[in-house]
Amino acid sequence: MPNFAALTEAPIEFKRNARAALADGQLRRNFRGAMDFLMVKRAAQFADDEECEQLRAFGNRVRARALSRLPALLEQLEARLTRNGVQVHWAESVDEANTIVHSIVAAHEAKNLIKGKSMVSEEMEMNHFLGERGVDCLESDMGEFIVQLRAEKPSHIIMPAIHLNVGQVAALFHDKLEVDYTEDVDLLIQIGRETLRRKFFEADIGVSGVNFAVAETGTLVLVENEGNGRMSTTVPPVHIAVTGIEKVVEKLRDVVPLLSLLTRSATGQPITTYVNMISGPRQADELDGPREVHLVLLDNGRTQAFADSELRQTLNCIRCGACMNHCPVYTRIGGHAYGTVYPGPIGKIMTPHMLGLEKTRELPSASSLCGACGEVCPVKIPIPSLLRRLREEAARRADAAPHHVRGQGANHSTKEGLVWKAWVKMNTSPTLYRLLTYAGTRARGLTPANIGPWTEHHAAPKLAPRTLHERVREHLGEA
Amino acid sequence: MNARERILAKLRGSLEGTTPIADDYDTALVTTPWTYAPAQRVARLRAQLEAVHGETQLTTSAEWPARVFAALAERNIDELLVSPLTLHGQQLAAQLALNKGGLRLKAYDRAVETWKDELFFHTPASLTGTLGGIAATGSLIVWPTVQEPRLMSLVPPLHIALLKASAVFDNLHEAMHTQRWSEGLPTNALLISGPSKTADIQQTLAYGAHGPKELIVLILQDA
Ligand code: SF4
């Protein structure tokens, strides 16, 4: 089992995890099949290249506009929600967010929570936090439910159980839910439905995430296919929504392009079965809906990304998962190897802000910078550039100012620093350059045969017998 | 300072000296590709809904109750959740009385807490109105009300929805703009595009995950 960052203090061992994943043939087949499927579905939704490019550019502008006025929009969102009867809470850290949720739980003496899908609650390790305090959190999204039964983490932000095939789910249900073994997916889903149905109305509190929070109207927009999100936010007497502070958009109409980009990019659907717009708790004359609605706004490193205009683009993300579906690294190793709640390209640019570069030092380099993620991202986050930027931040001296990212200098090496200093010196001084290249070519027999990872799979490089300058002179007959 | 003030102060500090980006909303981009000739509008909606296992039927404002009775009879369902306070609920009840049919009509007339068990386990079908439809994506616009609460379109395994052909918009932007959503949304507003589904087990699509297993949309061509 790969180590998970939030649960340990040790740095994530990406390379070790990746090696183990690469050796797991079943896992690789499951991911290859799933990613191919999702890529084809997305492509079919964006048949018109021009429309796709224009809409992505528009999506980028809508998100950038929201971020350019984020503090004002958050205040407006809070004011509207409050007017609508929703209670808004702010948390800087996951501990604070968990404490807020727990205090609501305690006020209602709640014992059972039912959750719709929420990546922010994963980020908070909410199940673990509340579990330790005797409160049971049940996942109701089919994928999350499966993953929870296996005591695992989601391996994909949209399709949590994508690392499993039907046989594995069949065995799990047979084992944990004591039903007859069946690989009929319809039957398996009906088993999940029956198991969870009662839980929805036994739950004291429903928890959900938020896809877009509309400042103009004070509306929380949730998209989903199963109906568990609607159940979780409608049946229990209390609804708690948890979300990152970046999820706000300015106007209701801004949802139109973003919604289209989200569902088409994520699962290749023109729209999800349900778009659930929540603007307030049950009114006095209404017959259902929660009597209390809470929104917890979480920072957890987002203000750090926000502080730098380049890194701020990370917060454009609408969590569609397309970057992971198209990532050659993710496809081969799956989501768990990253050891983070958000895997794949988005995880690599987001998690360093949440956990610091010390713990995530291997992540920005876990990429070939092929650029596929940046090309499909519906809000045009330049993911490869941000990965390079984070590599730089990790390599800079820990005490160099300005200090942009927690854990700056995690990969700093004095030796490497000296090598580059020498390189600069050599390349800016013609005499030194000639001297060293001459010496190098003459002493080529002495170059090392083992130069780290390179020579694990390649022959060691050797300098040419003569310098380029010598050969050019010879060619021109000047020698 | 509390968490709220600290977060806002950090964000403000980071934006110091910058100007907010102007709103250059591109309406054409989210409407033009999703515009249909009047004769095509309903056809598009039906095609989109049927692609995700929604059933659609073209009918009229006089004939639709018969379609409801037929759909229920076909499935051996003898009980329907429908509001007696809506015009369509009254029309259905009147028609039923005339037919002397054996169907039982049930009202959602009390708070959910008092009849959860019955709603969840002994209510096989529901009928609701809609506020309109969206051709581009095959969606129904549903704003739950006191008469037709939120769970009516979610809990019963069969959901029958009435849709007026004249209320079918080309795209979401048009619907939102024409119906002035931003001026006042209800506590819960929904877009529903087909029966509930999931592809969480090995990308295999299965219908009837947590919500309705079947959605029948009766399109009233003369309304
Ligand atoms: S970074 Fe872009 S592609 Fe990746 S999840 Fe976020 S929005 Fe989607």
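Residues numbered from 1 in each chain as written. Chains lettered and ligands numbered in written order. Predicted model: local features only at pLDDT ≥ 70, side-chain atom pairs only at ≥ 80, totals over all residues. Heavy atoms only, no water.

With respect to the domain arrangement of chain A
Right, on to step 1. Its domain assignment divides chain A into domain 1 (165-203) and domain 2 (416-478).
Right, on to step 2. Using only C-alpha atoms to locate each centre, domain 1 of chain A and domain 2 of chain A end up separated by 64 Å. (Domains from an automatic or database assignment.)

Looking at the environment of A:A439
Right, on to step 1. Mapping A:A439 onto the fold places it in helix α20 (residues 430-442).
Right, on to step 2. Once the C-alpha coordinates of A:A439 and A:R466 are considered, the two residues, 27 residues apart in sequence, prove to be 9.8 Å apart. (Helix = DSSP H or I, 4+ residues; strand = E, 2+ residues; numbered from the N terminus.)

Let's talk about the site of the ligand
Right, on to step 1. Every residue lining the ligand is accounted for by A:C317, A:I318, A:R319, A:C320, A:G321, A:C323, A:I346, A:C377, A:P378, A:V379, A:I381 and A:I383.
Right, on to step 2. Residue classes in the shell around the ligand are distributed as 10 nonpolar, 1 polar and 1 charged. (Near = heavy atom within 4 Å. Nonpolar A, V, L, I, M, F, W, Y, C, P; charged D, E, K, R; others polar.)

Brief notes about the interface of chain A and chain B
Right, on to step 1. Of the residues lining the interface, 94 residues belong to chain A; the matching set on chain B comes to 75 residues.
Right, on to step 2. Of the roughly 7700 Å² buried at the junction of chain A and chain B (both faces included), carbon and sulfur atoms supply 60%.
Right, on to step 3. At the boundary of chain A and chain B, one finds 12 salt bridges.
Right, on to step 4. In this structure, A:R65 and B:D23 form a salt bridge, with 3.2 Å as the shortest nitrogen-oxygen distance. (Contact = heavy atoms within 4.5 Å. Buried area = accessible area lost by both parts, 1.4 Å probe. Salt bridge = Lys/Arg side-chain N within 4 Å of Asp/Glu carboxyl O.)

A few points about the environment of A:C370
Right, on to step 1. Within the fold, A:C370 resides in the loop between α16 (344-355) and α17 (372-376).
Right, on to step 2. Spatially, the C-alpha atoms of A:C370 and A:M39 are 16 Å apart, while their sequence positions differ by 331 residues.

Re the packing of helix α4 (residues 70-84) of chain A against helix α1 (residues 3-15) of chain B
Describing two packed helices takes the angle between their axes plus the distance from one axis to the other.
Right, on to step 1. Running from N to C, α4(A) and α1(B) point in directions that differ by 145°, and their axes come no closer than 8 Å. Every residue of α1(B) that contacts α4(A) at A:L70, A:P71, A:A72, A:L74, A:E75 and A:E78 is listed here: B:R4, B:L8, B:L11, B:R12 and B:L15.
Right, on to step 2. In terms of residue class, the contact of α4(A) with α1(B) is built from 7 nonpolar, no polar and 4 charged. (Axes fitted to C-alpha atoms, helices over the stretch in contact; angles between N-to-C directions.)

Looking at the sheet that holds strand β9 (residues 188-192) of chain B
Right, on to step 1. Strand order in the open sheet made by the 8 strands is β8(A)-β5(A)-β6(A)-β9(A)-β9(B)-β6(B)-β5(B)-β8(B), with mixed pairing throughout. Lying at the two open borders of the sheet, with one neighbouring strand each, are β8 (248-249) of chain A together with β8 (168-169) of chain B.
Right, on to step 2. As defined by bridge partners, strand β5 (residues 132-134) of chain B adjoins β8(B) across 2 bridges and the pair is classed as parallel. Pairing of B:I134 across the sheet is with B:F169, part of β8(B).
Right, on to step 3. Packed onto the sheet, helix α12 (residues 255-267) of chain A meets β5 (212-214), β6 (219-224), β8 and β9 (274-278) of chain A and runs at close to 175° relative to β5(A). (Pairing = 2+ DSSP bridges.)

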